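# Per-entry structural report
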Amino acid sequence: MCGIVGYLGYRQAAEVCMEGLLRLEYRGYDSFGIATVSPEIAVFKETGKISAAKDAVHLKGTCGIGHTRWATHGVPSRTNAHPFTDCTGKIAVVHNGIIENYAALKRDLEKRGHTFVSETDTEVIPHLIEEKYTGNLREAVSKILPLLEGAYAILVIAEGTEEIVAARKGSPLVLGVGDREYVFASDGLPILDYTRKVIYLEDGDLAEVTPAGYTIYQGKKPVERKVATLEWDAADVRKGGFAHYMLKEMYEQPEVFSNTINSITENAAALCRIREARSVTVVACGTSANASTVFAYLMESVCGIPTRVVLASEFKYFPTPKNDVVIAVSQSGETADTISALKIAKERGAKTFCVTNVLGSSLTRIAETTLYTRAGPEVSVAATKSFTAQVAAFMEIVNIISGGMLKKAVAEIQRYLPEALDCDVESAVELVKDASTLLYVGRGLSYPISMEGALKMKEISYIHAEGYAAGELKHGPFALLSKETPVVAVCLPGSTYPVMMSNLKEIKARSAPEVVIGCVGDIDAEEIADVFIPLPKVSETAGVILASVVLQMLAYKTAVALGTDVDMPRNLAKSVTVE
Ligand code: G6P
């Protein structure tokens, strides 16, 4: 979704902003723009890819702001792209979030003679500031903020000044504090090239940055904010010789898995409230919801603690049992549905946790306890290493609560993940790539893994794919089976194996071609499969996690074969900050 960047220092702000916007590309966007002060305000806006327009930007000045837009109010177009200026062209604003009362504000502003050029909600902001601005930009911005209903992170610049005024309510905003330079951004990634010292602005904060330094206000009062250190490295956000970020991130999984196990082990003391819970509710979206379902299976089967997963967007319709533990799971920590679910849980008196990959993200400010996954920055829209990190976190939580019941499985995953990454999926790609529908099936832990496999496939290859509990196929989806409908099955030795084999036979009897991910040496599964992908001989729990990596690779290679935009699939955003 929208991303913002601002720079004030000694470098050319337009260049820093363009680089920063490239770092935020992963969030998803359809148009972008920047504005600088030198000393007039100059604006550049464009639709489409940032990289295509890089050489067309000639704005001068060492103070500037930039924005990637993911259309909400008004079609993607140059006119609707940020930054927006006031009637005089002397004030420029970029904005993330939604101004819910913009229509009424716009009507009033029009009555007072202001002219609007776009269909966006954002454009009311520079016009409101224009009415209050008499030379002190901070004061003008602070006067109009109470008029805005909804969520925002805004950056404002004005002609003839060398300052950026920023404000945050409900949308993320980070201030990087470098040596004689400052970088604002929606997350830490655009900041990494300049400094690792950051301040995570809080709701209600207004920051004023000038060459003399920065001051943060709550209302009229200056406040101190902790300077944190970004743990990520600038090298983490480069492709490093890989064809796609997704492939690079998949190959990071062995390290990420171990790092996250350690992160949870270090936080073992925080888990007692989960251990003592009568029941646990997990709220999440997308891939995080699939990882959470793995957790629910493990919690129920290994720890005997009733655990349910509720899609974050549906949580408000579920009453939370009193004193329940609610865990919000989100790679970014900024997903609006998940944030709003956790807020509701807190209001209802739940004990709140979050599992997230981003230090200082919004969820960490709401949850009483934060558990960090250590996946490092994930750029590809399709989540891979962040999924594996979440699974690692959940396995270690269960391992600690159960007194070591998953120790063997964790060790097996650590040992065999590299082997799983090297599996050969080429024949499977040939079998699935021309299909218009794919079904993914598994039982027990393999069921959420199948859902995640199907999600990966549809996200990046655009082939319609659904994950099913294998036992459910006969209750409807069987009607879809034909030789044109390949089925991808996870079938590993263990408790689910015998009945899975029966399911594979039923599917075969209905002519559907089968890709089976099984255990090396399983002659029966190999015989029934059209394409058999063998995994090393490990426990069932470890095996399904290895299978999830194979399914990622299958989706990746299929998408590459079909020539889609793997890292930035159409219509999707990595960080979905609207409900
Ligand atoms: C978006 C992304 C998905 C992701 C989901 C939840 O829809 O495209 O890949 O799984 O958000 O994201 P989160 O950051 O909350 O884990």
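Cut-offs and rules
Residues numbered from 1 in each chain as written. Predicted model: local features only at pLDDT ≥ 70, side-chain atom pairs only at ≥ 80, totals over all residues. Heavy atoms only, no water. Near = heavy atom within 4 Å. Polar contact = N/O pair within 3.5 Å; in protein donor to acceptor, adjacent residues only side chain to side chain. Areas by Shrake-Rupley, 256 points an atom, 1.4 Å probe, with all protein chains shown as cover. Helix = DSSP H or I, 4+ residues; strand = E, 2+ residues; numbered from the N terminus. Nonpolar A, V, L, I, M, F, W, Y, C, P; charged D, E, K, R; others polar. Buried < 20%, exposed > 50% of the residue type's maximum accessible area, 1.4 Å probe, protein only. Pairing = 2+ DSSP bridges. Right-handed = clockwise from strand over helix to strand, strands pointing away. Contact = heavy atoms within 4.5 Å. Phe/Tyr/Trp six-rings, centres within 6.5 Å; stacked < 30°, edge-to-face > 60°. Lys NZ or Arg CZ within 6 Å of the ring centre and 35° of its normal. Expected span 1.5 Å × (residues − 1). Arc of directions from axis to C-beta. Axes fitted to C-alpha atoms, helices over the stretch in contact; angles between N-to-C directions. Core = buried A, V, L, I, M, F, W, Y, C linked by side-chain atoms within 4.5 Å. Domains from an automatic or database assignment. Buried area = accessible area lost by both parts, 1.4 Å probe. Salt bridge = Lys/Arg side-chain N within 4 Å of Asp/Glu carboxyl O.

### Remarks on the site of the ligand
In the vicinity of the ligand lie 13 residues, with Ser288, Ser330, Gln331, Ser332 and Thr335 positioned nearest. A distance of 3.4 Å separates an oxygen atom of the ligand from a polar backbone atom of Val381. Bound to the protein, the ligand loses 89% of the 390 Å² it would expose on its own. Counting residues per element, the shell around the ligand draws most heavily on helix H9 (residues 286-303), which supplies 3 residues. Of the residues belonging to the shell around the ligand, the class tally is 4 nonpolar, 7 polar and 2 charged.

### Digging into the pairing of strand E23 (residues 487-490)
Neither face of E23 is left uncovered, since the one carrying Val487 and Ala489 and the one carrying Val488 and Val490 both have all their residues buried. By the bridge criterion, 3 bridges tie strand E21 (residues 437-442) to E23 in an arrangement that is parallel. Bridged to Tyr440 within E23 is Val488. The handedness of the E23 to strand E24 (residues 514-519) crossover, carried by helix H16 (residues 497-509), is right-handed.

### Quick notes on the environment of Ser330
As for its placement among the helices and strands, Ser330 is situated in strand E18 (residues 325-330). Taking C-alpha positions, Ser330 is 26 Å from Glu19, a pair spaced 311 residues apart along the chain. Once residues lying within four places of it in the same chain are set aside, the contact partners of Ser330 are Ser288, Thr335, Thr338, Val355, Thr356, Asn357, Leu363 and Gln390.

### Observations concerning the packing of aromatic side chains
As enumerated under the stated definition, the model contains 5 aromatic pairs in all. Ring plane angle 40° and centroid distance 6.4 Å describe the contact between Phe32 and Phe44, whose orientation is recorded as tilted. Linking Phe32 in strand E2 (residues 31-37) with Phe44 in strand E3 (residues 41-47), this pair joins segments that are 12 residues apart in sequence. Overall, Phe32 belongs to the buried group, its relative accessible area being 1%. Here Phe44 falls in the buried class, since its relative accessible area comes to 14%. Geometrically, the ring pair formed by Phe242 and Tyr251 is stacked, given 5.9 Å between the ring centres and 25° between the ring planes. Overall, the relative accessible area of 30% leaves Phe242 in the partly exposed class. One residue, Arg138, lies across the ring of Tyr217, its end atom 4.0 Å from the ring centre. The ring of Tyr462 carries the charged tip of Arg570 above its face, separated from the ring centre by 3.8 Å.

### Considerations on helix H15 (residues 446-461)
If you check H15, its first and last C-alpha atoms are 22 Å apart, about what 16 residues at 1.5 Å a residue would give, namely 22 Å. Most of H15 is tucked away: 13 of the 16 residues are buried. Positive backbone phi, approximately 70°, marks Tyr462, located one or two places after H15.

### Focus on helix H5 (residues 137-144)
Along H5, the positions that sit buried rather than exposed are Leu137, Arg138, Ala140, Val141 and Ile144. Relative to the axis of H5, the buried residues are bounded by an arc of 165° and lie together on one face. Of the surrounding secondary structure, the elements contacted by the buried residues of H5 are helix H4 (124-132), strand E7 (150-158), strand E8 (164-169), strand E12 (205-210) and strand E13 (213-218). Measuring from the backbone nitrogen of Arg138 back to the side-chain oxygen at the start of H5 gives 3.2 Å, which picks out Asn136 as the cap.

### Observations concerning the environment of Lys557
In this structure, Lys557 sits in helix H18 (residues 540-562). With relative accessibility at 28%, the residue Lys557 sits in the partly exposed group. Taking the C-alpha atoms as reference points, Lys557 and Gly471, 86 residues apart in sequence, are found 28 Å from one another. Not counting chain neighbours up to four residues away, the residues in contact with Lys557 comprise Val425, Glu426 and Val429.

### Some details on the sheet that holds strand E19 (residues 351-356)
Taken in spatial order, the 5 strands make up an open sheet running E17-E16-E18-E19-E20, and their pairing is parallel. Only two strands of the sheet have a single neighbouring strand rather than two, namely strand E17 (307-311) and strand E20 (369-372). Across the sheet, the axes of successive neighbouring strands diverge by a mean angle of 20°, strand direction being ignored. Strand direction decides the pairing type here: E19 and E20, joined by 4 bridges, are parallel. Within E20, the position partnered with Thr356 by the bridge is Tyr372. Where helix H12 (residues 385-401) meets the sheet, its contacts fall on E18, E19 and E20, and the angle it forms with E18 comes to roughly 155°.

### Comments concerning the pairing of E7
With respect to burial, E7 is a largely interior element, 8 of its 9 residues being buried. Taken together, the 9 bridges between strand E6 (residues 91-99) and E7 define a ladder with antiparallel strand orientation. Opposite Ala92, over in E7, you have Ile157 as the bridge partner. In this sheet, E8 lies alongside E7 in antiparallel orientation, the contact comprising 4 bridges. For Ala153, the partnering residue across the bridge sits in E8 and is Arg168.

### Quick notes on the sheet that holds E7
Pairing is antiparallel in the open sheet, where 7 strands are placed in the order E5-E6-E7-E8-E12-E13-E14. In this open sheet, the two edge strands, each paired with only one partner strand, are strand E5 (84-85) and strand E14 (221-223). Strand direction decides the pairing type here: E12 and E13, joined by 6 bridges, are antiparallel. If you follow Thr210 over to E13, its bridge partner there is Gly213.

### Brief notes about the nonpolar core
Of all hydrophobic cores here, the largest spans 83 residues; its most connected members are Ile274, Val280, Ile327 and Met395. The element that contributes the greatest number of residues to this core is H18, accounting for 13 residues. Taken domain by domain, this core gets at least three of its residues from each of domain 2 (239-405) and domain 3 (421-570). The residues touching Ile327, leaving out its near neighbours within four places in the chain, are Ile274, Val280, Thr281, Val282, Val283, Phe295, Phe353 and Val355. Residues Ala14, Val183, Val198 and Val358 belong to the second largest nonpolar core, which totals 35 residues.

### Focus: the domain arrangement of the chain
It is common to give the size of an interface as the accessible area that goes away when the parts come together. Looking at the chain, the domain boundaries give domain 1 (3-235), domain 2 (239-405) and domain 3 (421-570). Between the C-alpha centres of domain 2 and domain 3 the distance comes to 25 Å. Counting from both sides, the interface comprises 26 residues of domain 2 and, opposite them, 25 residues of domain 3. Of the roughly 2,200 Å² buried at the junction of domain 2 and domain 3 (both faces included), carbon and sulfur atoms supply 70%. Taken together, the links from domain 2 to domain 3 amount to 0 salt bridges. Taken together, the links from domain 2 to domain 3 amount to 10 residue pairs in polar contact (both at pLDDT 80 or more). Mapped onto the side of domain 2 that touches domain 3, the elements with two or more residues apiece are helix H6 (245-251), helix H7 (253-266), H9 and H12. Broken down by element, the side of domain 2 that touches domain 3 gets its largest block of residues, 7 residues, from H9. Residues of the side of domain 2 that touches domain 3, tallied by class, amount to 16 nonpolar, 9 polar and 1 charged.

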